[in-house]
Amino acid sequence: MRPSRYLIALVLILAAVTVFVSVWWHDMGYLLIGLWVAVAALTAGDLVMSALSGRMTVEFDLPPQGFVGHTAAFTLAIRPQKGAVPRSIESRLDCAPELAIGESRLASGTLGAGEEQTSAAFDLHLTRRGRYAVHELWLKWPSRLKLLDMVARMPVGKEIAVLPDISPVLSGAVKTQILPLEAGQKDLRLRGEGSEFHQLREFASGMDPRSIDWKRSARMRNLVVREMRAERNHQIILCVDSGRLMAEQLGGFTKLDRAINAALAMCWAAGLAGDLVGFYSFDSRPRLFVPALPGRAAFPRLQTMCAELRYETQESNHTLGLTHLSGRLKRRSLIVIFSDFVDSITAELMIENIQVLARHHFIVYIALRDPTLAKLTEPDEVTMDAVARSVAARQILQERRTVMEKLARLGVLCLDSTPEALTSDLIARYIEIKSREMI
């Protein structure tokens, strides 16, 4: 409970009147005392009426888990125990910074009036993985005569687990994308192409004559074709760099979270295509290694481990990390490396170690491109600051192209994608690799 702005204004006005009257009319003391007593009695009466009629029950709910990059709804329901819910209730939610809207720790809102129940929902933006708590709920509403502001503090004590985003898997988007080839213009035909025998079929008009099995056709006295399909059971290793550069924010979320989301979608796509999937992470030293398992069996295990992957502040040691990975692999694999670099000088060691891996494995290197750099290269206004930013952005983009070109000359398939298109671009490259038998 605290005085409202109306009571403060009333007291200030009465104080001014008291001073003025005391200076000019000394015999009006009893009247002034009566005025102050009346204000005090009015305030006390307002407090009693508001306390008797303002009793209410507050219920709140928070989902136990959510996906990073999404929003979770904290719902609030107020039911009166006696009388009606106050007409205007202001609410304020005290929660962990990772759940706040924008950069503020507090999310606030105003609830409308209702005779039986008043409800509201706060959209909590989930910006980082982990477990985060909603601590307290504060409610404020005016008294009957609006002389007081009634304040209630209620402990919430609820937690939400923020997990990697697997919504493309749950929605079926990955399953849909695994069917089209490259840019989605033609159907992916795992049958009819590839190196693994699938079945024999009767020849029909429009089929490739080169696929006719002449010996079996002579034996059966009818033209039959050998139907092939892409080889399955390839080993895929998802290698995630969890160092300092990957903890940077890009588009509102860290690069590490973007990489983990894409890696899990890739794991599910590989499971649909019949491949084995493993996981490896490193920063200043090797961290996690999960041997390759069938994609669908590996998915829940990888999801659990990725949810616990920490945001590191140390520089990545590509020499130690990639050398350790090379020693753990016993067969040729498709290695998908999620990493980043600052410039071509600091990327030299990374290029050298990727070159060693590329001698025995097929490498896909993925780096996230900042879309704001392209906007900075063409400023709207020609000022000194804008020109300086444009020159710096062009230099950064040029150095990124230089590194990508060096990796491409080593036989590495490079993917410099925007955060929003990373998952779909990665799966499209995987489809291309499978259909062209590049592993």
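Residues numbered from 1 in each chain as written. Predicted model: local features only at pLDDT ≥ 70, side-chain atom pairs only at ≥ 80, totals over all residues. Heavy atoms only, no water.

- Identification of the protein chain as DUF58 domain-containing protein from Rhizobium redzepovicii is taken from an unreviewed UniProt entry.

Examining the side chain of N261
Then step 1. Its location among the elements puts N261 in helix α6 (residues 255-273).
Then step 2. With residues near it in sequence (within four places) discarded, N261 still touches V68, P164, D165 and T423. (Helix = DSSP H or I, 4+ residues; strand = E, 2+ residues; numbered from the N terminus. Contact = heavy atoms within 4.5 Å.)

Describing the pattern of salt bridges
Then step 1. Summed over all chains, the structure comprises 14 salt bridges.
Then step 2. Taking the shortest distance from any N to any O, the salt bridge between R310 and E312 comes out at 3.3 Å.
Then step 3. The class for R310 is exposed, based on a relative accessible area of 54%.
Then step 4. Owing to a relative accessible area of 10%, E312 belongs among the buried residues under this scheme.
Then step 5. Among the charged side chains, a salt-bridge network with shared partners connects E248, K255, D340, R369, R400 and D416. (Salt bridge = Lys/Arg side-chain N within 4 Å of Asp/Glu carboxyl O. Buried < 20%, exposed > 50% of the residue type's maximum accessible area, 1.4 Å probe, protein only.)

Quick notes on the packing of helix α8 (residues 318-328) against helix α9 (residues 348-358)
Then step 1. Contact geometry for α8 and α9: axes closest at 9 Å, N-to-C directions at 10°. On the basis of the axis angle, α8 is roughly parallel to α9. Here H318, T319, L322, T323 and S326 of α8 lie close against α9, whose contacting residues are L349, M350, N353, I354 and L357.
Then step 2. Residues belonging to the contact of α8 with α9 are distributed by class as follows: five nonpolar, five polar and no charged. (Axes fitted to C-alpha atoms, helices over the stretch in contact; angles between N-to-C directions. Parallel < 35°, antiparallel > 145°, perpendicular 65-115°, else oblique. Nonpolar A, V, L, I, M, F, W, Y, C, P; charged D, E, K, R; others polar.)

Quick word on the packing of aromatic side chains
Here a ring pair, both rings aromatic, is described through the centre-centre distance and the interplanar angle of the planes.
Then step 1. Counted according to the given criterion, the structure contains five aromatic pairs.
Then step 2. Between W268 and F299, the aromatic rings sit 5.3 Å apart at their centres with planes inclined by 70°, giving edge-to-face as the arrangement. Of this pair, W268 sits in helix α6 while F299 is found in helix α7 (residues 295-307), placing the two residues 31 residues apart along the sequence.
Then step 3. The exposure class of W268 is partly exposed, given its relative accessible area of 23%.
Then step 4. Judged by relative accessible area, which is 7%, F299 ranks as buried.
Then step 5. Ring geometry for Y280 and F282: centres 6.0 Å apart, planes at 20°, overall stacked.
Then step 6. Assessed through its relative accessible area of 1%, Y280 is described here as buried. (Phe/Tyr/Trp six-rings, centres within 6.5 Å; stacked < 30°, edge-to-face > 60°.)

With respect to the environment of Q177
Then step 1. With respect to the helices and strands, the residue Q177 is situated in helix α4 (residues 173-177).
Then step 2. For the pair Q177 and S424, spaced 247 residues apart in sequence, the C-alpha separation works out to 7.7 Å.
Then step 3. Contacts of Q177, omitting those with residues within four sequence positions, involve S424, I427, A428 and I431.

Considerations on the packing of α9 against helix α11 (residues 384-409)
Then step 1. Where α9 contacts α11, the axes come no closer than 10 Å and their chain directions differ by 15°. As summarised for this structure, α9 and α11 are arranged roughly parallel, according to the angle between their axes. Note that α9 runs across α11; the crossing there is right-handed. Residues E348, M350, I351 and I354 of α9 lie in contact with α11, whose contacting residues are V403, K406 and L407.
Then step 2. Tallied by class, residues from the contact of α9 with α11 come to five nonpolar, no polar and two charged. (Left-handed = near helix turned anticlockwise from the far one by under 90°.)

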